[in-house]
Amino acid sequence: MCRHLGWLGAPVTLSSLILDPPNGLGVQSYSPRRQRHGRLNADGWGAGFFDGDTPRRWRSAAPLWGDASFASVAPALSSGCVVAAVRSATVGMPIESTAVAPFTDGRWLLSHNGVIDTAVLPPTRHAESVVDSAVLAAAIFDRGVEALGELVAEFGAADPGARLNILAADGTRLLATSWGDTLSVLRRPDGVLLASEPYDDDPRWRDVPDRHLVEVRDGTVTLTALRGAR
Ligand code: GLN
């Protein structure tokens, strides 16, 4: 299971979200605290952010902990809407930068923690890679990210072994699902973070129950139980 995070709020640097926190994605790449599947996230990383309405990405198939170039430039990159991830590849999946989240359709950035049998997904011609997460992202882009909660419930019912923690952003909102793995939310005075696991021990972090949809918009956080919630 990979680890991801999303930020919506005031512009902040990528390093302040990803590399500086004591248990941020940088540390989660080799020592995650809550990961249930896989021990480390060495199979690449991706940092996506909105530059106005434009999603931009920096992805790599190498471990985040050794990336001196990203560490050098990340303090100079700021955004009010960020989706970032570190990857632990599912057995049999390719190791390539195009297999690393976030995926995009030019409007949304989307990350997936988990696994799905792509045979249950509607056919798509837009996947960036053959990795299950890219095929899933393309299916969600085709059907509409606005329906994320419905789609996760539908795909989760079609593949009972699926784990479908998804995080998506379009610059003005963050959407996330918990379906089979951990998800936490932190409301800060300057914005809201959603993350696979807390990046520090701030007591304001809250765990999201399994099989829920989280929507963040205009500083408001809304949790909704998904169809199939136990
Ligand atoms: N199945 C996806 C991959 O292989 C995601 C893996 C994960 O969440 N660890 O990249």
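Shown above is the structure to which this text applies.
Remember, predicted model here, so these are calculated numbers, not experimental data. (Residues numbered from 1 in each chain as written. Predicted model: local features only at pLDDT ≥ 70, side-chain atom pairs only at ≥ 80, totals over all residues. Heavy atoms only, no water.)

> Is there a simple way to explain the site of the ligand in this structure?
By nearness alone, 12 residues border the ligand, and C2, R87, S88, G114 and D132 come closest of all. S88 places a polar main-chain atom, nitrogen or oxygen, 2.7 Å from a nitrogen atom of the ligand. Contact distances for the ligand include 2.7 Å between an oxygen atom and a backbone N or O atom of G114. A total of 290 Å² of accessible area belongs to the ligand in isolation, and the protein chains cover 98% of it. The site holding the ligand turns out to be the second largest cavity. Residue assignment for the shell around the ligand shows that the elements contributing at least two residues are strand 6 (109–115) and helix 4 (132–143). Of the residues belonging to the shell around the ligand, the class tally is 5 nonpolar, 5 polar and 2 charged. (Near = heavy atom within 4 Å. Polar contact = N/O pair within 3.5 Å; in protein donor to acceptor, adjacent residues only side chain to side chain. Areas by Shrake-Rupley, 256 points an atom, 1.4 Å probe, with all protein chains shown as cover. 1 Å grid on protein atoms, 1.4 Å probe; cavity = no way out; pocket = protein on both sides within 12 Å on 5 of 7 lines; lining within 4 Å. Sits in = over half its atoms within 2 Å of the grid points. Helix = DSSP H or I, 4+ residues; strand = E, 2+ residues; numbered from the N terminus. Nonpolar A, V, L, I, M, F, W, Y, C, P; charged D, E, K, R; others polar.)

> Please explain the pattern of salt bridges as it appears in this structure.
Side chains that differ in sign of charge can pair as their charged atoms come close. Throughout the structure, instances matching the rule amount to 14 salt bridges. Here R173 and E146 are joined by a salt bridge, their closest N and O atoms 3.2 Å apart. Residue R173 is located in strand 8 (residues 173–178), and its partner E146 is located in the loop between helix 4 and helix 5 (148–158); the two are separated by 27 residues in the primary sequence. A salt bridge links E150 to R227; its shortest N-O distance comes to 3.3 Å. (Salt bridge = Lys/Arg side-chain N within 4 Å of Asp/Glu carboxyl O.)

> What is the right way to look at a nonpolar patch on the surface in this model?
Side chains of Y30, L40 and W65 sit close together on the surface and give an oily, nonpolar patch of about 320 Å² of accessible area. Topologically, Y30 is positioned in the loop between helix 2 (25–28) and strand 2 (45–51). (Patch = residues over 30% accessible without salt bridge, like charges linked within 9 Å, V, L, I, M, F, W, Y side chains within 5 Å.)

> What is the right way to read empty space enclosed by the protein from this model?
Unfilled space is identified by rolling a water-sized probe across the atoms. If you walk through the whole model with that rule in mind, you get 2 cavities of 30 Å³ or more. Size it by volume and the largest cavity reaches roughly 70 Å³. Lining of the largest cavity is provided by C2, A85, V86, R87, A99, V100, A101, F103, S111, H112 and S133. Only strand 4 (78–86) and strand 6 provide two or more residues apiece to the lining of the largest cavity. Across the lining of the largest cavity, the residue classes tally to 7 nonpolar, 3 polar and 1 charged. (Points joined across faces, edges and corners; volume = space filled by probe spheres on them.)

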